[in-house]
Amino acid sequence: MKPVFYAQKDPSVSDREKEHRDLARKICADGIVLLENNGILPLNTKSIALYGAGARHTVFGGTGSGENNPRYSVNVEEGLKNANITVTSGSWLDEYDILFDTELQAYKQNLKKALRKISVREHMDYAADNPFYLPAGRSVTKDDCKDSEVAIFVLARQAGEGADRKDIPGDYYATEDEITLMRSITENHKDSILVLNVGAVIDLSFLDDIKFSAVVLLMQGGMESGNALADVLTGKVNPSGRLADTWGYKYEDYPSSDTFSERNPEMHQEDYREGIFVGYRWFEKKKIKPRYGFGYGLSYTTFETEADYCVNRGTKISVNAKVRNTGDKAGREVVKLFLSCPENTLIREARILAAFAKTMEIEPGKKEYISLDFDLKDFAAFDNDKHQFVLEQGEYVVYLNDTPLLAVELDKDAVTEKTEAISIPDRKIDFMIHEKNSREIPSDIRRSQIFSSDIKTVTHKYKTPEFESNSEIDRIVSNLTLKDMSKLLVGRTYLGPFRHRVFGAVGYTTAKLFRKGIDQMPMADGPQGINLTQISTKPLHNLFAVPTLPEALRSSHIISKLGTSTAGKNKDLYYQYCTSWPSETVVAQTWDTNHARLLGHATAVEMKEYGVVFWLAPAVNIHRNPLCGRNYEYYSEDPLLTGLMAKSVISGVHDEGGCFPTIKHFAANNLETRRNVSSSNMDERTLREIYLKAFRTAIEDQPLEAVMCSYNKINGVYAALNYDLQTSILRNEWGFDGIVMTDWFATGHHESLDELCCKAGTDLIMPGLPTIPAKIMKACKKGLISKDDIERSARRIIKLALKSHLTRST
């Protein structure tokens, strides 16, 4: 079988690249959050002193599956220069480069020595747990500062897959060297701007002592980070990003701080003792003042938002808001609706995000009307004892931002959904919150009444899913043996044969059944864009992109360097230049679902260009704790914001037929350290209202082809073998009809057995090893799984193979 190649022979910059580059820049700029500003921004100077690790070594994204490999990335210095700003601190930056290179080379050598002593399977976790910490650089002197009154300091952090961050200096905290450097900058310059080039929340207590004129949250903005930051700093773009997370004054303000990851005295048991009170839900319930609250962000202009009308039709709430620009610069504003619920039997949050929208750019003195809608039923609480969602009797108060608009009174408890018991914890969870809210509902707001008798109850039915069936699927299955079908359930990433070749693809379904009508489907990471090899040659095309090492040691980068060095000698070079998008957290900070949809559609265009069928994104795990190593790869602490962003990305991908988004990691994958053996323990209510809600929001009411399960256990049961999640929830309750695949090497260890996946509803084992089909056949002979289990999963995979854009185009 001769493989088909999709990479380009022409290395020129394409029109598609230019278009997507511009979109990446716009999304990044709209996701940048202005945290502090004494008036220094937007800049009115053309010369800047620039310092910090992130100035030239800007962190564009995290490591692991979220990493990608674009043609170029614009660092902060380059972005400023592109905006015609003179950087006056070149000598300091040159000195820093020497320091950086020296320490990085020493780190690489030590890492290589350490990796030789452990198995390949342990490489990613070891490298992630022993990261390269960026040096600070020396303090600045008056000589460094003489050519510019204004300075920018870029504080940089990087994290990634395989290990969680640490609450130590150089990671969550600033080092003494960094603090000394920052102090010298602010003391020697008239105005100083702090740029946070980080992937997630860090400690900012140094701001209590070191006074910057402005603080800007860049985060990790992808390939156009430098240009987008310059757009905001110069006022070309008015900052409209708003925080997707709560930034506390100290780490101990977060409820899981004492027991998260490496702090946990029970190494493999992560008890979610805070329950539903994650992020702002916790801070507001406990009345803890954050440094910067959820949804916070400044602008170069001011807005006035008021309700034009607010009505309910039964449980459906509609608000039309008028947003007026009262300042002197054009800008965009985010409008949010919050909901406060009554507490009778069930303890509730002080308020929860119920809807949001973002205006277009509004000129000074102009206004825009914006509509927001939600259904109270979507915010019903789950009753663990009765296994049902319920709206309790009482008043439901709707807020426009912080202004109460409407109180809707429900006469009696109303059950919205009845379910079976799902994933019950096998250990006692000692919850941290037991007190109820004290609410003061204004007497002069509009009131309405609804009746429980008008609210219908959905009773979920649980059964073994039917076979996928149509004439084409049935015809193909009729020619397959059980052995054939067992092969179909296992990826064929590392060994041929190959029908399609995508340089740097992270996975493939099998091509062994191509002659029986089932085409192979290539897969690529990740949430910041398709992660493929830039330059490759045919002799090297079997090298794949497995995220087992830090960025500088990745095979994809080594291949790129080889291709570049041999470009003049070897004419058989292939090029794949994909877009590096802003991290998902930056996308969430735009609060713009249209941006998310455009990102999804643009990614699908690149999938078709390079022969990718499954895009292993979006990732929708919740920011439970600031130290999770992959927080940059996820959207938010809030499940609604997360779910709606992911839903829009998926819709965008579907604008191009035959491309399959793969939502991940299902479910409760909220830490990285020891993720293969860790159990996320929580009650059913917490699981459903927080950690499943983002998935449900993204999946329901639209098609989705694939879900990737997580590495961890949920209440003692590995996700890949968890029938409650993969069948009862996904298929019976939510109506999902795609495939479930494992995360890479999530099975085949401990009690997470490859051969039992299909019985739980996990259809595809990735990346796949040649020994697994025989395991499946043996388990079937022993009666551990049935022939129907195997065929059910096989039919689902066949259905997608027939729908793939590669099948349709060949």
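Residues numbered from 1 in each chain as written. Predicted model: local features only at pLDDT ≥ 70, side-chain atom pairs only at ≥ 80, totals over all residues. Heavy atoms only, no water.

Draft legend 1. Up close: the overall build of the protein chain. Helix and strand counts for the protein chain come out as 22 helices and 32 strands. Against the 2.2 N^0.38 benchmark of 28 Å for 810 residues, the protein chain shows a C-alpha radius of gyration of 26 Å, consistent with a compact globule. In terms of overall dimensions, the protein chain has a C-alpha envelope of 80 × 80 × 50 Å along the principal axes. Classification of the 810 residues of the protein chain by burial places 64% in the buried group. Of the contacts formed within the protein chain by residues at least 6 apart in sequence, a portion of 80% connects residues at least 24 apart. Distance from the positive charge centre (102 side chains) to the negative charge centre (111 side chains) of the protein chain: 6 Å. (Helix = DSSP H or I, 4+ residues; strand = E, 2+ residues; numbered from the N terminus. Rg over C-alpha atoms; globule rule 2.2 N^0.38 Å. Buried < 20%, exposed > 50% of the residue type's maximum accessible area, 1.4 Å probe, protein only. Contact = heavy atoms within 4.5 Å. Lys, Arg positive; Asp, Glu negative; His and termini not counted. Charge placed at Lys NZ, Arg CZ, Asp CG, Glu CD.)

Draft legend 2. Structural view of the pairing of strand 15 (residues 388-391). Because side chains alternate across strand 15, one face comprises the buried residues Q388 and V390, and the other comprises F389 and L391, equally buried. Summarising the sheet, strand 15 and strand 18 (residues 414-418) pair through four bridges and their orientation is antiparallel. Across the sheet, the residue bridging to F389 is E417, located in strand 18. (Pairing = 2+ DSSP bridges.)

Draft legend 3. Molecular detail of the environment of P169. Mapped onto the elements, P169 comes out in the loop between strand 5 (150-156) and helix 7 (176-188). P169 gets classed as exposed once you look at its relative accessible area, which sits at 53%. Measuring from C-alpha to C-alpha, the distance between P169 and Y133 comes to 9.6 Å, with 36 residues separating the pair along the chain. When residues no more than four places from it in sequence are discounted, the contact partners of P169 are A174 and T175.

Draft legend 4. Looking closely at the pattern of salt bridges. For the structure on display, the rule yields 64 salt bridges. In this structure, the salt-bridge partner of K803 is E705, at a minimum N-O distance of 2.7 Å. One end of the pair, K803, is in helix 21 (residues 787-803); the other, E705, is in the loop between helix 17 (693-699) and strand 29 (706-709), with 98 residues separating them in the sequence. Exposure remark for K803: the relative accessible area of 34% places this residue in the partly exposed category. Counted as one network, the salt bridges with shared partners bring together E161, D525, R630, E633, K664, E672 and R675. (Salt bridge = Lys/Arg side-chain N within 4 Å of Asp/Glu carboxyl O.)

Draft legend 5. Fine view of the sheet that holds strand 9 (residues 303-313). With antiparallel pairing, the three strands of this open sheet are ordered in space as 9-10-13. The sheet is open, and its two edges are formed by strand 9 and strand 13 (367-375), each paired on a single side. The average angle at which neighbouring strand axes cross in this sheet is 20 degrees, direction not considered. In this sheet, strand 10 (residues 316-325) lies alongside strand 9 in antiparallel orientation, the contact comprising ten bridges. Considered in strand 10, the bridge of E306 is made with K322. (Axes fitted to C-alpha atoms, helices over the stretch in contact; angles between N-to-C directions.)

Draft legend 6. Quick look at the side chain of K693. Locating K693 in the fold gives a position in helix 17. For the buried residue K693, which engages in no salt bridge, the nearest side chain bearing the opposite charge is D378, 6.8 Å off. Here the side chain of K693 touches D378 through a polar contact of 2.9 Å, landing on its backbone oxygen. In contact with K693, not counting residues within four places along its chain, are D378, F379, P639 and R688. (Polar contact = N/O pair within 3.5 Å; in protein donor to acceptor, adjacent residues only side chain to side chain.)

Draft legend 7. The arrangement of the packing of helix 14 (residues 593-610) against helix 15 (residues 639-654) in detail. Contact pair helix 14 / helix 15: the axes reach a minimum separation of 6 Å and the direction vectors enclose 40 degrees. Seen along the crossing, helix 14 lies across helix 15 with a hand that is right-handed. Counted together, T593, A596, R597, G600, H601, A604 and M607 of helix 14 and L644, M645, S648, V649, S651, G652 and V653 of helix 15 form the full contact between these two elements. The residue inventory of the contact of helix 14 with helix 15, partitioned by class, reads seven nonpolar, six polar and one charged. (Left-handed = near helix turned anticlockwise from the far one by under 90°. Nonpolar A, V, L, I, M, F, W, Y, C, P; charged D, E, K, R; others polar.)

Draft legend 8. Seen up close, helix 15. With 16 residues, helix 15 should reach 22 Å at 1.5 Å per residue; the first-to-last C-alpha distance of 22 Å fits that figure. Most of helix 15 sits inside the fold, with 14 of its 16 residues counted as buried. Where helix 15 begins, the side chain of D638 points an oxygen toward the backbone nitrogen of L640, at a separation of 3.0 Å. (Expected span 1.5 Å × (residues − 1).)

Draft legend 9. Local environment of the nonpolar core. One finds L196, F206, F614 and M741 to be the most contacted residues of the largest nonpolar core, which totals 244 residues. The element best represented in this core is helix 4 (residues 90-115), accounting for eight residues. Contact partners of F206, with chain neighbours within four places excluded, come to L155, A174, I179, M182, L194 and F212. (Core = buried A, V, L, I, M, F, W, Y, C linked by side-chain atoms within 4.5 Å.)

Draft legend 10. Representation of the packing of aromatic side chains within the structure. One pass over the structure, following the stated rule, counts 25 aromatic pairs. Between Y280 and F338 the ring centres are 6.3 Å apart and the planes differ by 80 degrees, which places this aromatic pair in the edge-to-face class. A residue pair is termed long-range when its members are at least 10 positions apart, and Y280 in helix 9 (residues 280-285) and F338 in strand 11 (residues 334-340) qualify at 58 residues. Cluster of aromatic residues (ring-pair linked, three or more members): Y51, W92, Y96, F100, Y107 and F132. Here the guanidinium or amino end of R71 rests over the ring plane of Y577, the centre of that ring lying 3.6 Å away. (Phe/Tyr/Trp six-rings, centres within 6.5 Å; stacked < 30°, edge-to-face > 60°. Lys NZ or Arg CZ within 6 Å of the ring centre and 35° of its normal.)

Note that all results are geometric; they support no functional claim without further evidence.
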